[in-house]
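# A closer look at the structure
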Amino acid sequence: MRVIRKVAVLGAGVMGSTIAAHLANAGLDVLLLDIVPKDLTEEEKARGLTLEDKQVRNRIVIKALENLKKMKPAALYHKDYINNIEIGNFEDDMAKIRDCDWVIEVVVENMDIKKSLLKDKIIPNISDTAILSSNTSGLSINEMAEVVPDDLKKRFLITHFFNPPRYMRLMEIVPSKYTDPEIVKFMADFISFRLGKGIVYAKDTPNFIGNRIGVYAMFAALKHMQDLDLTVEEVDSIAGPLIGLPKTAIFRLADLVGIDTMVHVANNTYQLLDPSIDDEREIYKVPAFLEDMVKKGLLGNKTKQGFYKKEKVEGKKVVYYYDIKTGEYKPATKPSFPSTQAASQGKSLKEKINILINGKDKAAQFAWRLLRDILIYSFKRIPEIADDVVNVDNAMKWGYNWQMGPFELFDAIGVNQFVKKAKEDGVALPEKLENIEVFYKLDGAKELYFDILSGEYKEVPRKETYINLDILKKTGNLVEQNSGASIIDLGDGVFNLEFHTKMNAIGAEIVSMAKKAIKRAEEEGVALVISNQGRTFSVGANLFLIATSIAEGAFDEINMAVKQFQNMTMGFKYARVPVVAAPFQMTLGGGCETCLHCDAIVAHAETYMGLVEVGVGLIPAGGGTKEMALRVMELVKRFKAPDFIPFLAKYFENIAMAKVSTSAREAFELGYMDDSDSVTMDIDNLIYDAKQVALALARNYRPKKPATNLPAPGRDAFATIKNMLWTMYKGNYISEYDMKVGEKIAYVMCGGDVAPATMITEEYLLDLEREAFLSLCGEKKTIERIQHMLKTGKPLRN
């Protein structure tokens with residue numbers, strides 16, 4: 001059985017070091033090497049160092065690790081994971097790669113340099129069983145393989161990580177004509193399961209799949225922008241979420257990538273493409289204004305000016321966009337069109353797209369032309385860059401954060417409608433396209449895709465461990481549903497509670513369905529899983545409804561709603577069957593409280609969990625403040641500590657400072673997760689893994705009873721926390737209102753105005769929590785914070 005435990009990463013630039021970081025995230029041992037510097041820095045000279053000193057010879061890698069520690073967003077799940085990375089250089093330490101199971105070459109995108117490293121450094125030192133891969137965004141694996149010995153050729157392939165490796169799910173695997181198919185399968189399985197990557201099988205063509213279509217989309221946008229006389233910011237207002245692209249749209253993405261990089265990739269693509277194969281090769285010719293921007297040093301985010309730049313004017317941040325006609329910057333105006341305004345009201349992406357492309361203004365024309373050209377281009381690239389539509393769609397969703405891939409967009413528009421509309425433009429269409437009804441459809445529980453090569457429908461390849469809630473709902477496993485939540489039968493006696501409101505905000509519909517889900521699992525099953533497959537687990541309570549109730553003075557309704565929410569979370573905690581939460585991405589406020597009350601949490605590695613209510617002038621009142629207090633009391637009891645304060649301060653700060661984990665690993669450190677919880681790297685396995693944990697717990701499950709004898713920290717601890725808050729306020733670390741909200745949190749966590757070690761109940765803490773929440777709802781500054789959050793999406797520290 002082949003096993004990968006140690007990986008060598010050759011090249012410690014930004015890409016190499018962040019790949020090394022993600023391998024360390026996965027618990028692998030990593031050897032990170034780079035070249036030996038040829039000259040001393042002035043600092044090294046001043047310290048009397050020579051070129052023979054180890055810290056000089058390893059300078060490049062040492063610097064890379066220093067950068068990793070400071071990187072934002074963080075490349076590491078936890079700062080301690082950097083200890084998994086051993087450092088060295090190509091001259092002194094190359095023999096160490098013999099102990100590695102996988103060697104990844106990540107040097108500069110230059111064929112001659114890569115071949116030289118292969119011949120001179122890697123081949124003489126790599127073991128007879130290790131797998132060798134190159135991280136390249138478009139160079140030919142077959143050309144590289146020509147310098148590799150026959151036995152190693154079988155174990156040589158491209159593993160193209162997308163930047164940044166921790167956050168971008170896409171992994172393009174490109175075998176050469178010599179690569180052993182078993183090695184390809186092993187690496188796909190390993191990288192998917194252990195590194196959490198979405199695997200796409202690409203071919204040895206320029207830029208593979210993601211960048212081939214992604215760069216085409218950017219240059220097609222440039223063409224249509226000029227044809228329709230649109231500005232940079234007008235294009236970005238159209239070609240973003242309204243058509244399923246991320247908020248970076250076209251030009252913010254170019255600034256992020258680097259305009260010089262964009263030009264370099266386009267030039268390479270143009271040179272490498274055979275015009276007899278790609279009839280749209282001319283699209284990659286770089287416009288003069290782009291070359292001019294590079295000459296001026298307007299390279300995007302790395303130079304702080306590209307298609308956009310920010311400046312402070314009279315103390316305020318002002319955004320400017322680049323005018324491609326004048327070569328000057330102009331103040332951004334947040335443009336809008338009738339078609340984009342209408343599209344923004346659409347309830348689904350499909351509805352938004354169809355409203356937009358059927359509009360009559362320039363924005364509608366641009367959106368249609370851009371989508372039309374991208375979709376036709378993608379169709380024509382099969383089988384050149386990939387064998388099927390599934391690989392192309394996944395590449396764009398996982399590598400470019402598109403909400404839908406090109407062929408899913410075909411279906412959203414309607415293939416027949418697309419063909420009709422394109423013909424009206426006089427655009428030449430591939431003949432095969434005119435005979436296709438849909439690219440994806442369901443056949444019972446099977447997902448099918450249209451195979452362009454055979455003209456038949458085939459099953460979409462899925463892991464056995466992938467559970468698709470939408471398909472389960474469509475194939476007889478939907479038990480009950482309302483507008484906010486669903487109960488789904490996962491099989492084996494395990495039911496699933498799915499949230500499906502906007503951002504999965506928790507309101508009355510979810511609370512109502514949660515009660516039914518618990519009852520269903522207790523009476524007809526063995527366990528309950530709480531999970532969904534939206535873009536985020538849950539951002540907490542529905543803030544708009546709270547704001548509306550406050551405005552109407554309906555405080556009795558707020559009290560009742562909070563009580564029902566508390567009943568829901570307590571229902572999860574004291575159900576007669578195990579309840580397992582499967583959070584991912586944003587798990588905030590009520591979403592976090594939901595998880596805190598479950599028997600176990602199976603979190604995706606990218607889970608950002610925290611109690612953030614102070615940002616809107618409130619405290620966690622769905623049991624979150626109570627749960628933090630219980631953790632304090634449990635720790636005091638476990639360690640027989642004479643003082644509550646060391647434990648209380650930590651958990652109090654979680655709420656008062658709205659601390660959110662930057663990963664599931666950090667959620668353990670903050671106390672939101674504990675030893676009974678686990679982390680899943682592959683998001684496709686998340687619900688399956690949660691189900692398996694639920695089944696394991698169900699075998700010998702003993703329902704818990706509400707806690708009744710809890711030693712309260714009391715008024716002495718409360719006084720200590722108040723003093724801490726006063727000191728922070730006087731030091732200008734918090735506002736006066738932050739101090740007031742903090743005192744409410746401390747009052748609840750200390751058990752109110754009681755003597756230390758007074759025995760209290762869990763229900764008593766919930767009452768204190770609800771009372772504090774209601775009192776803050778009546779405060780003017782809380783209302784200001786709520787309104788600011790609803791308007792801007794950002795907290796106000798008033």
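Preceding this section is the structure that the text describes.
Residues numbered from 1 in each chain as written. Predicted model: local features only at pLDDT ≥ 70, side-chain atom pairs only at ≥ 80, totals over all residues. Heavy atoms only, no water.

To continue, consider the overall build of the protein. When helices and strands are counted, the protein shows 32 helices and 25 strands. In summary, the protein has a C-alpha radius of gyration of 28 Å against a globular reference of 28 Å for 798 residues, a match within 12%. Principal-axis analysis of the C-alpha atoms places the extent of the protein at approximately 80 × 70 × 65 Å. Relative to its 798 residues, the protein shows a buried fraction of 55%. Taking contacts inside the protein between residues at least 6 apart in sequence as the whole, the part at least 24 apart equals 69%. (Helix = DSSP H or I, 4+ residues; strand = E, 2+ residues; numbered from the N terminus. Rg over C-alpha atoms; globule rule 2.2 N^0.38 Å. Buried < 20%, exposed > 50% of the residue type's maximum accessible area, 1.4 Å probe, protein only. Contact = heavy atoms within 4.5 Å.)

For the rest of this paragraph, the subject is a nonpolar patch on the surface. A cluster of nonpolar residues, Phe544, Leu545 and Leu790, forms a patch on the protein surface that exposes about 300 Å² of accessible area. Its location among the elements puts Phe544 in helix α22 (residues 543-551). Take Phe544: its relative accessible area is 53%, and that puts it in the exposed class. (Patch = residues over 30% accessible without salt bridge, like charges linked within 9 Å, V, L, I, M, F, W, Y side chains within 5 Å. Areas by Shrake-Rupley, 256 points an atom, 1.4 Å probe, with all protein chains shown as cover. Salt bridge = Lys/Arg side-chain N within 4 Å of Asp/Glu carboxyl O.)

With that settled, consider the pairing of strand β8 (residues 198-201). Pairing geometry for strand β7 (residues 170-175) and β8, over 4 bridges, is parallel. Bridge pairing links Ile173 to Tyr201 in β8. Read as a crossover between parallel neighbours, the route from β7 over helix α8 (residues 181-195) to β8 is right-handed. (Pairing = 2+ DSSP bridges. Right-handed = clockwise from strand over helix to strand, strands pointing away.)

Okay, the pattern of salt bridges next. Evaluated as defined, the whole model comprises 64 salt bridges. Taking the shortest distance from any N to any O, the salt bridge between Lys380 and Glu280 comes out at 3.1 Å. In this pair, Lys380 sits in helix α16 (residues 362-380) while Glu280 sits in the loop between α12 (259-272) and α13 (288-296), placing the two residues 100 residues apart along the sequence. By relative accessible area, Lys380 is classed as partly exposed at 25%. Where salt bridges share partners, they join Lys6, Glu52, Lys54, Arg57, Glu86, Asp92, Asp93 and Lys96 into one cluster.

Pairing in this open sheet of 7 strands is mixed, and the strands run β15-β16-β17-β18-β19-β21-β23 from one edge to the other. Looking at the sheet topology across the chains shown, the edges are occupied by β15 (478-481) and β23 (678-680). Going across the sheet, the axis of each strand differs from the next one's by a mean of 20°, ignoring polarity. Pairing of strand β17 (residues 494-499) with strand β18 (residues 527-530), which is carried by 4 bridges, proceeds in the parallel orientation. When the sheet's bridge partners are listed, Leu497 is paired in β18 with Ile530. On the sheet, helix α21 (residues 508-524) packs against β15, β16 (485-491), β17 and β18 and is oriented at approximately 175° with respect to β17. (Axes fitted to C-alpha atoms, helices over the stretch in contact; angles between N-to-C directions.)

On to the side chain of His224, then. Along the chain, His224 falls in helix α9 (residues 210-227). Residue classification places His224 among the buried positions, given a relative accessible area of 2%. In contact with His224, other than residues within four places in its own chain, are Phe366, Arg369, Leu370, Arg372 and Asp373.

Attention now moves to the sheet that holds strand β12 (residues 440-443). The strand order across the open sheet built from 3 strands is β12-β13-β14, with neighbouring strands paired in antiparallel fashion. At either margin of the open sheet sits one strand with a lone partner, and together these are β12 and β14 (456-459). Sheet twist, expressed as the average angle between the axes of neighbouring strands with direction ignored, equals 40°. Here strand β13 (residues 446-451) pairs with β14 via 4 bridges, running antiparallel. The residue of β14 that forms the bridge with Tyr449 is Lys458.

Right, let's talk about the nonpolar core for a bit. The tendency in soluble globular proteins is for nonpolar side chains to be buried as a group. Counting residues in hydrophobic clusters, the biggest one holds 121 residues, and the most contacted among them are Leu290 and Phe439. Considering every element that reaches this core, the biggest residue donor is α16, with 11 residues. The contacts of Phe439, once residues within four sequence positions are left out, are Phe379, Val389, Phe407, Phe410, Asp411, Val415, Leu433, Leu448, Tyr449, Phe450, Ile452 and Tyr457. By size, the runner-up hydrophobic cluster in this structure holds 104 residues, among which are Phe565, Leu596, Leu670 and Ala717. (Core = buried A, V, L, I, M, F, W, Y, C linked by side-chain atoms within 4.5 Å.)

Running from N to C, α21 and helix α23 (residues 555-573) cross one another at 30°; their axes reach a closest spacing of 10 Å. Overall, the two elements α21 and α23 adopt an arrangement that is roughly parallel. Crossing angle aside, the handedness with which α21 passes α23 is left-handed. Packed against α21, whose contacting residues are Ile510, Val511, Ala514 and Ile518, the element α23 presents Gln564, Phe565, Met568, Gly571 and Phe572 at the interface. (Parallel < 35°, antiparallel > 145°, perpendicular 65-115°, else oblique. Left-handed = near helix turned anticlockwise from the far one by under 90°.)

This part takes up unusual backbone geometry. Cis geometry is found at the peptide bond from Lys72 to Pro73, where omega equals -5°. Inspection of the secondary structure puts Pro73 in the loop between α4 (59-70) and β3 (85-89). Between Asn163 and the following residue, Pro164, the backbone shows a cis peptide bond with an omega angle of 0°. Along the chain, Pro164 turns up in the loop between β6 (156-161) and β7. Positive phi values are uncommon outside glycine, yet Ala249 reaches one of about 50°. Here Ala249 shows up in the loop between α10 (232-238) and α11 (251-257). For Ala249, a relative accessible area of 3% translates into the label buried. You will see that Asn732, though not glycine, has its phi angle at about 65°, which is positive. Structurally, Asn732 can be placed in the loop between α29 (714-730) and α30 (736-749). Classification of Asn732 as exposed rests on a relative accessible area of 70%.

Here we take up α8. Taking 1.5 Å as the rise per residue, α8 with 15 residues should run 21 Å; its terminal C-alpha atoms sit 20 Å apart, in good agreement. Of the positions making up α8, those classed as buried are Ile183, Val184, Phe186, Met187, Ala188, Phe190, Ile191, Ser192 and Leu195. In this structure, the buried side of α8 is in contact with α1 (14-25), β4 (102-105), β5 (131-134), β6, β7 and β8. The N-capping residue of α8, defined by a side-chain oxygen 2.9 Å from the backbone nitrogen of Glu182, is Asp180. At the C-terminal side of α8, Gly196 shows a positive phi close to 75°. (Expected span 1.5 Å × (residues − 1). Polar contact = N/O pair within 3.5 Å; in protein donor to acceptor, adjacent residues only side chain to side chain.)

Turning our attention to the environment of Ala202. Among the structural elements, Ala202 can be located in the loop between β8 and α9. On the basis of relative accessibility, which here comes to 6%, the residue Ala202 falls in the buried class. Not counting residues within four places of it along the chain, the set of residues in contact with Ala202 comprises Ile173, Val174, Pro175, Phe208, Ile209 and Ile385.

Over its 19 residues, α23 extends 27 Å from the first C-alpha to the last, a length consistent with the 27 Å expected when each residue adds 1.5 Å. Of the residues making up α23, those classed as buried are Ile558, Val562, Phe565, Gln566, Met568, Thr569, Met570, Gly571, Phe572 and Lys573.

Before going further, it helps to examine the packing of aromatic side chains. Per the counting criterion, the structure on display carries 20 aromatic pairs. A connected cluster of aromatic rings, assembled from ring pairs, spans Trp368, Phe379, Phe407, Phe410, Phe418, Phe439, Phe450 and Tyr457. The positively charged end of Lys421 is found above the aromatic ring belonging to Trp368, 5.1 Å away from the centroid. Across the ring face of Tyr457, the terminal group of Lys441 is positioned such that the distance to the ring centre comes to 4.1 Å. (Phe/Tyr/Trp six-rings, centres within 6.5 Å; stacked < 30°, edge-to-face > 60°. Lys NZ or Arg CZ within 6 Å of the ring centre and 35° of its normal.)

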